[in-house]
Amino acid sequence: MRIAFAFLLLAAVVSPPVHAGGDVTKFEGVQEHCVQVGKIKFGPNTRWSNCSVTKGRWFATLDFLDLYQAQYCLGKGDGECDQRALLVFANRAYTPNAKVILQRIDPGAAEYDDPLLVQTKYGDILTLSARFPGGSVSKSYYRWRSGHWIPVDARGWLRDLSKRLPKGEMIKAKAEVWPDADSMSAQATLYSTGGSGASDKVAKVELGLANDRFIVKKVTLTQKID
């Protein structure tokens, strides 16, 4: 279930295990102006001479804790984005400060989806997604546990899936198959081990979550629909 506005009984303080732990800034302006937090440093004598916010908005609320995204274009003064960054800020209502709880930095050609927070029977899961030219995608997942955002392994389940496939069927070693946290499922196109290319089957996978990793619960093979 997607969380658009939910008052959940969570701990009062967000304390994530990623780049920006402890980075606090004034809340006013975080949706319009770049701030130097975590690995984001810009200006004279830094890696990037300038920074601009390309998108900033609220995207969810957890127990009176408002979550905001800010997408940055980091450049070297030539008008191009050398790299992009996606930052997630947390602000408790009517308080003056915001804290960076998560961030990721990607090549300048990346485009970010809005952060997606969903409520599942395994807990609350946050997905950060970047899309690249050519159609490739990179996603990172985090689960709320005991007052912390914990990274979730989103690739190990593919090895488990490979072990469950019938003889002659396989998935590519670097297949871009990502979990859908909203439905706790995934879908993978299969390939023939004989080298003849794509199979006519698709593996529909029901996923669970254990030990901070996605796991395979059930696999159903279906015919691929062109």
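Residues numbered from 1 in each chain as written. Predicted model: local features only at pLDDT ≥ 70, side-chain atom pairs only at ≥ 80, totals over all residues. Heavy atoms only, no water.

Draft legend 1. Local environment of the environment of R159. Mapped onto the secondary structure, R159 falls in helix α1 (residues 156-164). Its relative accessible area of 54% is what places R159 among the exposed residues. In the structure, R159 is positioned 56 residues away from I215 in sequence and 9.9 Å away in space, judged by C-alpha atoms. (Helix = DSSP H or I, 4+ residues; strand = E, 2+ residues; numbered from the N terminus. Buried < 20%, exposed > 50% of the residue type's maximum accessible area, 1.4 Å probe, protein only.)

Draft legend 2. Structural context of the pattern of salt bridges. Applying the stated criterion to the full structure yields eight salt bridges. As a salt-bridge pair, R143 and D212 come within 3.1 Å of each other at their nearest N and O atoms. Within this pair, whereas R143 is found in strand β9 (residues 137-145), its partner D212 is found in the loop between β13 (198-210) and β14 (213-223), the two being separated by 69 residues in sequence. Each member of the pair, R143 as well as D212, is classed as buried. R213 is the partner of D160 in a salt bridge, and the nearest nitrogen-oxygen pair spans 3.3 Å. Of the two residues, D160 is situated in helix α1 and R213 in strand β14; the sequence distance between them amounts to 53 residues. Given a relative accessible area of 24%, D160 falls into the partly exposed group. Classification of R213 by relative accessible area gives partly exposed; the value is 23%. Salt bridges linked by common partners bring K55, R57 and D114 together as one network. (Salt bridge = Lys/Arg side-chain N within 4 Å of Asp/Glu carboxyl O.)

Draft legend 3. Molecular detail of the state of the cysteines. Under the counting rule described, the total for this entry stands at two disulfides. Bridging C34 to C51, the disulfide has an S-S length of 2.1 Å. Across the S-S bond linking C34 and C51, the dihedral sits near -75°, which makes this disulfide left-handed. Of this pair, C34 sits in the loop between β1 (24-26) and β2 (50-62) while C51 sits in strand β2; the two residues are 17 residues apart in sequence, bridging distant segments of the chain. Residue C34 shares its accessibility class with C51, and that shared class is buried. Disulfide pairing is shown between C73 and C81; the S-S distance is 1.9 Å. (Disulfide = S-S within 2.5 Å.)

Draft legend 4. Region of interest: the nonpolar core. Within the largest apolar cluster, 24 residues are counted, with the highest numbers of intra-cluster contacts made by W157, L161 and F214. The greatest single-element share of this core, amounting to four residues, is contributed by β13. Discounting chain neighbours no more than four positions away, the residues touching L161 are I171, A188, A203, V205, V216 and V219. Counting residues in each nonpolar core, the second largest holds 20 residues, with A60, L67, L102 and Y142 among its members. (Core = buried A, V, L, I, M, F, W, Y, C linked by side-chain atoms within 4.5 Å. Contact = heavy atoms within 4.5 Å.)

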